[in-house]
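# Reading the structure
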Amino acid sequence: MAKYKIHPLEVARLGAPLGVLSMGGDMQTFIVAPVLIFYIEGGGKKIVMDAGIEAPGEQGVVHGFPVVGGGGEEGVRAALKSVGTTPEEIDYLVLSHLHFDHCAEAPLFKNARVIVQKKEWETAFHPVPTARQFYESSLFRNLEAMDLVLVEGEYEVTQGVSTLFLPGHSQGLQGLAVDTAVGTAVLTGDLCYSYYNLDPTRTELTDLAGTTVAVVPRPDLPFLPPAIFVNLVDWYDSMWKVVARASSRDLIIPGHDPSIVGKVFG
Ligand SMILES: [Zn+2]
């Protein structure tokens, strides 16, 4: 039975207010957070979760977020080169959801089977009003020309790697459960942006620029949601599902946490 290693790879850096990272956070304090793709190796098949963000234009802004490094095709190619591969060599591209910072460079993965939850696909074209700003149909409409597979709920991508349906942040978000040598790891996508969402007893957070900022601990809550969500009841249910599935909390991997850049899980 194959055991996989998971490489979180930075493809861009963006400025995000603490008030987006978590409900009730300060909207004036910005941290530098990574846009990540995740390379999963082992078992003879090459798997990537997520496909990056557009290159920033003249203003250095993508969908209202300042992109302070990387982005575009360059960002994805450089990230995969660091682990000795290319987008063309990837067998499976799993898109956690279709927000602008997760699907933009999908067409680079020309030879991949692309896996999206059916619910995410359907709702991406008609999101709830507060989520409209995160969906740009020109970024995902072209997936139809690829080997796109729409799945419902848990789906085995390959032996030891399965999608998990984790709605809450978006209506059809999926994570990935991955068998590693140290147990089952769960990639949460943006269900969790950072470890602070998973562990609200934390008091500070260090960003990619090396700046440490104070965050308000919330020991009264089991988990603290990001400020971007479509359904909080679903969100909490999905969080408990992740905790139940992962072999330990150390093997829960958030979607934008600065501290996981350069780490290898498994
Ligand atoms: Zn994101």
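As shown above, the structure is provided for reference.
The structure reproduced in this document is the subject of the present report. (Residues numbered from 1 in each chain as written. Predicted model: local features only at pLDDT ≥ 70, side-chain atom pairs only at ≥ 80, totals over all residues.)

Bringing the overall build of the protein chain into the picture now. Secondary structure summary: the protein chain contains 7 helices and 15 strands in total. The C-alpha atoms of the protein chain give a radius of gyration of 17 Å, which matches the 18 Å a tight globule of 266 residues would have. Taken along its principal axes, the extent of the C-alpha atoms in the protein chain is 45 × 45 × 35 Å. Taken over 266 residues, the protein chain has a buried fraction of 49%. Across the protein chain, the fraction of contacts at a sequence separation of at least 24, relative to all contacts at a separation of at least 6, is 67%. (Helix = DSSP H or I, 4+ residues; strand = E, 2+ residues; numbered from the N terminus. Rg over C-alpha atoms; globule rule 2.2 N^0.38 Å. Buried ≥ 20, exposed ≤ 12 C-beta atoms within 10 Å, placed from the backbone. Contact = placed C-beta atoms within 7 Å.)

Attention shifts here to the sheet that holds strand β1 (residues 5-17). The pairing of strands in a sheet happens through backbone hydrogen bonds and is either parallel or antiparallel. Reading across the sheet, the 8 strands line up as β4-β5-β1-β2-β3-β6-β7-β8 and stay open at both edges, with mixed pairing between neighbours. The sheet is open, and its two edges are formed by β4 (61-62) and β8 (147-151), each paired on a single side. As paired elements, β4 and strand β5 (residues 65-70) share 2 bridges and run antiparallel to each other. Residue V61 lies in a different strand from β5, and its bridge partner there is P66. (Pairing = 2+ DSSP bridges.)

What follows is about the environment of E152. When you line up the elements, E152 lands in the loop between β8 and β9 (155-158). For the pair formed by E152 and G84, sequence separation is 68 residues and the distance between their alpha carbons is 32 Å.

Looking now at the nonpolar core. Membership of the largest hydrophobic core comes to 80 residues, with the highest contact counts inside it found for I37, L93 and V186. Contact partners of I37, with chain neighbours within four places excluded, come to L9, V11, V48, M49, D50, A51, G52, V76 and A79. (Core = buried A, V, L, I, M, F, W, Y, C linked by C-beta atoms within 7 Å.)

Attention now goes to helix α2 (residues 72-81). Turning to α2, its buried residues number three or more, namely G75, V76, A79 and L80. The arc that holds every buried residue of α2, seen down its axis, measures 120°, which confines them to one face. If you follow the buried residues of α2, they end up packed against β1, β2 (30-41) and β5. (Arc of directions from axis to C-beta.)

Another aspect to go through is helix α7 (residues 232-245). With 14 residues, α7 extends 20 Å from end C-alpha to end C-alpha; this agrees with the ideal 20 Å at 1.5 Å per step. Among all positions in α7, only W235, S238, M239 and V242 are buried. Seen end-on, α7 carries its buried residues on one side only, within an arc spanning 105°. Turned more than 90 degrees off the buried face of α7, the exposed positions are V233, W240 and A244. Buried residues along α7 sit in contact with β11 (174-180), β12 (183-187) and β15 (252-253). (Expected span 1.5 Å × (residues − 1).)

Working note: regular strand, side chains alternate between the two faces of the sheet. Burial within β1 is extensive, with 10 of its 13 residues counted as buried. Bridging between β1 and β5 involves 3 bridges; their strand directions are antiparallel. In the sheet register, R13 faces β5, and the bridge partner there is G69.

The next subject is the environment of D101. Looking at the secondary structure, you find D101 in helix α3 (residues 100-103). Taking the C-alpha atoms as reference points, D101 and V182, separated by 81 residues in sequence, lie 30 Å from one another. Once residues lying within four places of it in the same chain are set aside, the contact partners of D101 are V35 and I53.

In this structure, D50 is a non-glycine residue whose phi angle is positive, near 80°. By the secondary structure assignment, D50 is in the loop between β3 (47-49) and β4. The backbone of H63 shows a phi angle near 50°, a positive value even though the residue is not glycine. The residue H63 is located in the loop between β4 and β5 in this model.

In space, the 5 strands of this open sheet follow the order β9-β10-β11-β12-β15, with mixed pairing throughout. Edge positions in the open sheet fall to β9 and β15, since each of these has one partner strand only. Sheet topology places strand β10 (residues 161-165) next to β11; 5 bridges connect them, and they run antiparallel. Paired with F165 across the two strands is Q174, which belongs to β11. Seen against the sheet, α7 touches β10, β11, β12 and β15 and runs at an angle of roughly 155° to β12. (Axes fitted to C-alpha atoms, helices over the stretch in contact; angles between N-to-C directions.)

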